[in-house]
Amino acid sequence: MAGTTGLEPATSDVTGRRSNQLNYVPALPDRRSQNSTRLRAGASFEAYCAQFSAMLETDVVPASAPADVRFRAKLPHSPRMKASVQISRGIESLFGTRDENIRLIESGLNVRTRLLNDAIEIEGEDTNVARAVGILDDYVALMRDGHVFNNGDLNSFLRVVTADPDASLRRLVDSGKQRSFGKKIITPKTMNQRRYFDAIEHHDLVFGIGPAGTGKTYLAVAMAVSALLSKRVNRIILTRPAVEAGERLGFLPGTLQEKVDPYLRPLYDALYDMIEAEKVEKLLERNTIEIAPLAFMRGRTLSDSFIIMDEAQNTSPEQMKMILTRQGFNSKMVVTGDVTQIDLPQGTRSGLVEVVDVLRNVEGISFVQFDDRDVVRHNLVQKIVKAYERYNEIIGANRQLSLKLADTAPAEVAAEPIPVPETAA
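Since this is a predicted model, take the numbers as computed values, not measurements.

### Considerations on the overall build of the chain
Right, on to step 1. Within the chain one finds 15 helices and 13 strands.
Right, on to step 2. Sorting the 425 residues of the chain into buried and exposed places 42% on the buried side.
Right, on to step 3. Nonlocal contacts in the chain, meaning residues at least 24 apart in sequence, comprise 67% of its contacts between residues at least 6 apart.
Right, on to step 4. Of the roughly 25,300 Å² that the chain leaves accessible, carbon and sulfur atoms contribute 52%.

### Description of the packing of aromatic side chains
Right, on to step 1. Here the structure, examined in full by the defined rule, presents 4 aromatic pairs.
Right, on to step 2. Between Phe 149 and Phe 157 the ring centres are 6.3 Å apart and the planes differ by 70°, which places this aromatic pair in the edge-to-face class. For the pair Phe 149 and Phe 157, a shared accessibility class is recorded, and that class is buried.
Right, on to step 3. With a centroid separation of 4.7 Å and 10° between ring planes, the pair formed by Phe 207 and Phe 367 is classed as stacked. A residue pair is termed long-range when its members are at least 10 positions apart, and Phe 207 in strand 8 (residues 205–209) and Phe 367 in strand 13 (residues 365–369) qualify at 160 residues.
Right, on to step 4. Judged by its relative accessible area of 19%, Phe 367 is buried.
Right, on to step 5. Aromatic ring contacts, followed pair by pair, group Tyr 139, Phe 149 and Phe 157 into a single cluster.
Right, on to step 6. Looking at Arg 360, its charged tip hangs above the ring of Phe 367, at a distance of 4.6 Å from the centre.

### Quick look at the sheet that holds strand 4 (residues 112–115)
Right, on to step 1. Ordered by their spatial adjacency, 3 strands build an open sheet running 3-5-4, and the pairing between neighbours is antiparallel. Each end of this open sheet is capped by a strand with a single partner; those strands are strand 3 (80–86) and strand 4. Between one strand and the next, the sheet's axes are offset by a mean angle of 20°, whatever the strand orientation.

### Comments concerning unusual backbone geometry
Right, on to step 1. In this structure, Asn 110 takes a positive phi of about 55° despite not being glycine.
Right, on to step 2. You can see Asn 110 is positioned in the loop between helix 5 (100–109) and strand 4.

### With respect to the pattern of salt bridges
Right, on to step 1. Taken as a whole and assessed by the stated rule, the structure comprises 8 salt bridges.
Right, on to step 2. Measuring nitrogen to oxygen at the nearest pair gives 3.0 Å for the salt bridge that ties Arg 114 to Glu 121.
Right, on to step 3. Of the charged contacts, one joins Asp 310 and Arg 240 as a salt bridge, the two residues approaching to 3.8 Å between their closest N and O atoms. Of this pair, Asp 310 sits in the loop between strand 11 (305–309) and helix 13 (317–324) while Arg 240 sits in strand 9 (residues 235–240); the two residues are 70 residues apart in sequence, bridging distant segments of the chain.
Right, on to step 4. Judged by its relative accessible area of 9%, Arg 240 is buried.
Right, on to step 5. Each of Arg 240, Asp 310 and Glu 311 takes part in a single network of salt bridges with overlapping partners.

### Description of the side chain of Thr 214
Right, on to step 1. Relative to the assigned elements, Thr 214 resides in the loop between strand 8 and helix 10 (216–229).
Right, on to step 2. Of the polar contacts made by the side chain of Thr 214, one reaches the backbone oxygen of Pro 211; its length is 3.0 Å.
Right, on to step 3. Those residues within four positions of Thr 214 in sequence are excluded, and the remaining contacts are Gln 193, Phe 370, Asp 371, Asp 374 and Val 375.

Reading the values: the criteria
Here, residues in each chain are numbered from 1, in the same order as that chain's written sequence. Per-residue local features are limited, in this predicted model, to residues with pLDDT of at least 70; the limit for side-chain atom pairs, both in listing and counting, is 80 or more; totals at the level of whole chains, interfaces and linings are taken over all residues. Hydrogen atoms and water are omitted, and side-chain values are computed over all heavy atoms in the structure. Per the convention used, a helix needs a DSSP run of H or I reaching at least four residues, while a strand needs a run of E reaching at least two, with both numbered from the N terminus. Working definition: with a 1.4 Å probe on protein chains only, accessible area under 20% of the residue-type maximum means buried, over 50% means exposed, and in between means partly exposed. Residue contacts are counted whenever heavy atoms from the two residues lie within 4.5 Å of one another. What sets the accessible areas is the Shrake-Rupley method with a 1.4 Å probe; for residues, cover comes only from the shown protein chains. Any Phe, Tyr or Trp ring, taking Trp's six-membered ring, that has another such ring centre within 6.5 Å forms a pair; planes under 30 degrees apart are called stacked, those over 60 apart edge-to-face, and the others tilted. Our definition puts a charge over a ring when NZ of Lys or CZ of Arg is within 6 Å of the ring centre and also within 35 degrees of the ring normal. Paired strands are those between which DSSP finds at least two bridges. Every angle, taken between N-to-C directions, lies between 0 and 180 degrees, and every axis is a line fitted to C-alpha atoms, over only the stretch in contact when it is a helix. Salt bridges are defined by distance alone: a side-chain nitrogen of Lys or Arg within 4 Å of a carboxyl oxygen of Asp or Glu. In protein, a polar contact means a hydrogen-donor-capable atom and an acceptor-capable atom, both N or O and within 3.5 Å, with residues adjacent in sequence counting only if both atoms are side-chain atoms; elsewhere, any N or O pair within 3.5 Å suffices.

This is the structure we're talking about:
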């Protein structure tokens, strides 16, 4: 051990692998070692050993820390505690499929749980344990009041309360009461979905921007159906640009409406999910519900209408300005899109990207930004969205670095002109 001045990593009891961060065992100095700066400075061997004794009180010291920092480090022990919450019913719903809900609590709050006969024991740092106990207490109270969590609802709520210390499960459930939209009963599952609902209720123009699976279009259609059934508007206008997602479908047979219907199918799906099929057909025949491509909107004034502009990231700035100026009296408009899925030709600026800069500070307009925490599809969709975000950040950083290196590179020395021999007169 002679010549060692740092901390040697110990082998993990669980994995058998050597750790670079945990389970450090201080390496005692050798009296003969001359590698230590402090020994060369004349410090006594007893004082040097005293510093190592102080190191025994630390739990984790990074190996990358400078030697003098490692010697001075004396990290306080994080207070740990155990607590238990009595749960008499609803254990299956609390744990979720393959224990996904309880694992979310453990990973989000950095605690460990253990199921006892009629309780759940929680262990971890006192603040985290207190938060976990609060979540479970709210869950027990909600179950006692007869609340039923539908498929995936509890997991969505837990994502919010584990990420936001100020949020509570009880308040989330109470503020997100179920609403009836035709034949569908919908409960906002995340804080941003609740803000989205509130923004549509209180603003005449709302932009919902975020990744796939966050409910931007579906919730907008639900609000439109609710407004139509309550007679606050006379019709629903659903539109989106007819832009192919990286493919060329070529010639499509049928009438003009049949040609554009494939691009509008997601809007049809949301409608049929909320209204009976026969009623949807009648509303479509009477043009009470109109589904049309963006090109059909030019020159119109849409009054007493609920207008939804979907896939707005695939509009040009001119198209975006055109659709926004179609709004008439007593009308609401919701514009949705995902700026990470632009299918426009290379070099064409998205109208959705531009409109955020243009209208950000205009009074009466609301912007709601969704993120990966709002994804309510399969759990893998959330992971895919996060993976692409990390990838794009890395690519963007590398591109900026390349541009900086190119700007600072020395200019190439211009080639000397080749002398032209003189011709004899």
